[in-house]
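Topology and contacts: notes
So the chains spell out like this:
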Amino acid sequence: MSTPLADPASAQFATNPPRELPKRRGTELVLLAFATFIVTVALVLVEANQEQELTSSIIWLGLSYLAVLTAAHLAVRRWAPYADPVILPCVALLNGLGLVMIHRIDLALAERAIQQGREYTPDVTKQVLFTAISLVLFVVVLVVISDHRTLTRYGYTCGLVGIVALALPAVLPSSLSEVNGAKVWIKLPFFSIQPGEFAKILLMIFFASFLVTKRDLFMVAGKRIVGVELPRARDLGPILIAAAACLGVLVFEKDLGTSLLFFGVTLVMLYVATERVIWVVLGVGFFAAGAIIAYNLFTHVQQRVRNWIDPLATYDDPGGGYQVAQGLFGLGTGGVGGTGLGAGRPDMVPEAKTDFITTAIGEELGLIGLTAMLMLYLILAMRGMRSALAVRDTFGKLLGGGLSFALVMQIFVVVGGVTNLIPNTGITAPFLSRGGSSLLANYILVALLLRISDAARKPAVRPKPQQPQAPLAEAHTVMVQRPPATGEGSPS
Amino acid sequence: MNTPLRKVGVAMLVMVVLLMANATYIQVVKADDYRTDSRNVRVLYDEYSRQRGLIVTPDGAALAKVDPSNDKYKFIRTYADGPMYAPVTGYYSINYGSGGLERSEDDVLNGSDPRLFVRRLSDMVTGRDPRGGNVRLTINPAVQKAAYDLMTRKGYTGAVVAMEPKTGRILAMVSTPSFDPNKLASHTTKEQVAAWSQWRDDPKKPMLNRAISETYPPGSTAKLLVTAAALEDGKTADMPVNTAPNVKLPGTQTTLENYGGAACKGSTLKEALRYSCNVPFAEIAGELGKDKLNATAKNFGVGEDLTVPMRVAGSSLGPLESKAALYQSAIGQRDVRLTPLQDCLLSATIANNGMAMKPQLVQSLLAPNLSTIEDYTPIELTGDAAMSSANAAILRDMMLASEENTKGAGKRGDIQIASKTGTAEHGNDPKNTPPHAWYTGFAPAMDPKIAVSVIVESGGNRGLEATGGTVAAEIGRAAVNAMLGGG
């Protein structure tokens, strides 16, 4: 090495000509095929155990799932060729298992409806439709946001839109916004959405871009109070206002789960940006204080806590532990190995298709299946985190870290809630649960993660590396190396 | 910025590990508590997938058995002669639970009875699915069939109960109209729902087990009880009685009259029972008083909590608060309410020399391999005789005379029946409501093998003209003949 290199990243190309990093789209295809295989087997098992025959629903469910997956894979090939190859298969498997489980509970509920002489419309049809719409949105995000850094320009806009979206249900009359006691909906004549799901992502974009620009101010311009460096209030202002608005709105909307999710994600992003543990300590302190205040102010919070301490004791109370207890019964009945897909009774748990879909998996696939599902989420989030580590810009790191953590935080709140690790608050399990808003929002989240991972693994666009110039006297003939083909993706 | 990101990564790992640890705690450590919690209905569904035991007649014919089914429940319950035996077997339905014996012997039939524990263990070791134990009944199929066929052929609504006087074993328990439990056991939800709602809405209540779950005014069959109490009080069969056509109820302006308003054709207690005169019994009951009547009734089983093992509705003489009430109760009206089973116990007790035996429907409980777990032995109902055997013999002779005077079909010269009929007014307008027709008796009179009681609700096919003799006697005799004379 005779000449120091300007860019350490290109050190590996110092002696050999630069070569293209593997895109690993083939790996993705193989993993997707594997996910499809598992989902197909699961579907066949459900049909075999529930209907004793294979019905046409296998065909259309299977085919639409396959079509959606193929489209997703092709889109990634075209618009994010360097993206992490594991993320999409994880999502596909979770989404597929969710569809199978929803279909399975549909079958049970349809049978019950016949007993009671009612009509029953299966939810899985809608969910497949939502999956397709989500995939369209997924592709749109990949295409429109060709570089995640462009998002920084819209940081404040995202923040504002996010807050408005979050606050809208609280302002709307209950008839337009309330379902099962939670005012988190906007109900339109043809469809309903939960704007909070989308606000989640918008606010993360806002936080990331805000923190990136103010990062240095936070770290140096503050005062020292009792040995702790605090940033100036005017630097912290927007973030405090945003956080307070979120929490206020969520308290009014009685959506504790989403509140917890926002809180956790905000805290983590603040910590990542500033690298100060004090934020976490302060945040947890605030949270504890807030929790105590909320407990004293709101009866529904007190009820949730009572249900958490012993769901079996409050089993018969209105708003009591019935639901959690049913979930626990299901998990207990499932045991280690589960009852087998389609052979359990997950439909006995209220909201089995949404919040409690993870107990349905725990019942029919047992501890083994539930653990595998948790591992899938962990792998998914860890791959996202890896992309955040590898990406070169701080905004990407912050956003990637936030999005990845949001995935784990969601699963922690929902699975922790239904398994009584923490008070049950009722949010959806990403990709698994029935619900269009959740599916759409989480697919957008994954599209952003893929975009960041694409940026992380894409060969850096740099000035053509200076070939080390040997003294002319020692020069010998070299083959002229063509610049590497940049693939379908155009370098930005 | 990578250091904090890595730490967040570790935090994510910790969070998921926490979830897994908690799931392990629930699905391994606490699993049994949750699985066996009584509020966990899944246990119940498991049961429907088990090989349920049989319900068999004494000679081993299966009235309820399971057939393999190729669906998620593995087995389907089937009933032989479903409607005929429905009051005995009950039903076993996935949507509607169980009734009758299926419910009261559920522990044995589903195999959870502690006495089957050792066998369950060996099933577990050998890897065989646990099976339920079997229940052997005391039912005599010939008697059951004779009574059921005749009741349904005539289109009667009512019940027939027959038992062995010496042991209390129930030989027949018929209730019509009946239902087919096969339809409730169907694995086709639609069929279950259709059958259930049809029977539930049917005004004739086919799912009601009239033999043990419904009480009726017993009419003149109650006179057996009054006579027993009178004999125990020292009165004799030859004591003179009031032959007046009617008597004023003490303390009221109402009169109580004999059937048809006629004078009593006989002048002794024996003849009063033979002709079923009302006035003499009213007066005797008034003279005996509430306590003596109740004491005798108690030892006939009235007011006793009976399980056969299904719960039997409570029979009662009513409060007997005044002399007028005693008068009316003596002829089985006013507040007196007996189940057909209890009515049969009246005859059975007289036949058994005055000692009431506890009615029972289950002969023995068997393990899946047909070895006996428990044999039921006859036991005395209260331990005290309702009447002395001498008085029982006197009452038997009076009932023989009554049978002689009773019309109706089915009489056979070779079988001597001792019986009593009853015609019970009921409803809000008793004079214009077809009465319930009763018949109770036992045979052979000198060595009783069977006691029987029949009620045909609201006159059967005879309307207002119906009497116990014309409507119910024929069915009672058919049951007796099926037992003793082969049809």
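Up top is the structure these notes are about.
This write-up is about the structure you can find in this document.

Thresholds applied
Residues numbered from 1 in each chain as written. Chains lettered and ligands numbered in written order. Predicted model: local features only at pLDDT ≥ 70, side-chain atom pairs only at ≥ 80, totals over all residues. Heavy atoms only, no water. Pairing = 2+ DSSP bridges. Helix = DSSP H or I, 4+ residues; strand = E, 2+ residues; numbered from the N terminus. Axes fitted to C-alpha atoms, helices over the stretch in contact; angles between N-to-C directions. Contact = heavy atoms within 4.5 Å. Expected span 1.5 Å × (residues − 1). Buried < 20%, exposed > 50% of the residue type's maximum accessible area, 1.4 Å probe, protein only. Salt bridge = Lys/Arg side-chain N within 4 Å of Asp/Glu carboxyl O.

Examining the sheet that holds strand S7 (residues 158-163) of chain B
All names here are of chain B. With respect to topology, five strands assemble into an open sheet ordered S8-S7-S15-S14-S13, the strand pairing being antiparallel. Each end of this open sheet is capped by a strand with a single partner; those strands are strand S8 (170-176) and strand S13 (418-424). With direction set aside, neighbouring strand axes in the sheet form an average angle of 5°. Summarising the sheet, strand S14 (residues 436-443) and strand S15 (residues 450-456) pair through seven bridges and their orientation is antiparallel. Its bridge partner being in S15, Trp 438 is matched across the sheet by Ile 455. Here helix H19 (residues 468-484) sits on the sheet in contact with S7, S8, S13, S14 and S15, set at roughly 145° to S15.

What to know about helix H10 (residues 189-201) of chain B
An ideal rise of 1.5 Å per residue puts 18 Å on 13 residues; H10(B) measures up with 18 Å between its terminal C-alpha atoms. Within H10(B), the full set of buried residues consists of B:Thr189, B:Gln192, B:Val193, B:Ala195, B:Trp196 and B:Trp199.

Regarding the pairing of S8(B)
All names here are of chain B. Within S8, seven of the seven residues are buried, leaving the element largely enclosed by the surrounding structure. Bridge analysis of S7 against S8 gives six bridges, and the strand direction is antiparallel. Residue Val 161 lies in a different strand from S8, and its bridge partner there is Met 173. Hairpin connection, S7 to S8: the antiparallel pair is bridged by six residues, and Gly 168 has positive phi, about 80°.

Focus: the sheet that holds strand S1 (residues 55-56) of chain B
Residues and elements named next belong to chain B. Pairing within the open sheet is mixed, and its six strands lie in the order S3-S2-S1-S6-S11-S12. Single-partner strands in this sheet number two, and they are strand S3 (75-79) and strand S12 (372-375). In this sheet, strand S11 (residues 362-366) lies alongside strand S6 (residues 134-137) in antiparallel orientation, the contact comprising four bridges. Bridging across to S11, Val 135 finds its partner in Leu 365.

Some details on the pairing of S6(B)
As defined by bridge partners, S1(B) adjoins S6(B) across two bridges and the pair is classed as parallel. Counterpart to B:Ile55 in the pairing with S6(B) is B:Val135.

Here we look at the pattern of salt bridges
Under the defined criterion, the tally for this structure stands at 35 salt bridges over all chains. B:Asp201 serves as the salt-bridge partner of B:Arg200, at 3.2 Å between the closest nitrogen and oxygen. Here B:Arg200 matches B:Asp201 in class, with each residue exposed. The partner of B:Asp397 in a salt bridge is B:Arg396, and the shortest N-O contact between them spans 3.5 Å. With a relative accessible area of 18%, B:Arg396 lands in the buried category. Connected through salt bridges with shared partners, the residues A:Asp106, A:Asp123, A:Lys353 and A:Arg434 form a single ionic network.

Interpretation note: all reported values are geometric properties and have no functional meaning in isolation.
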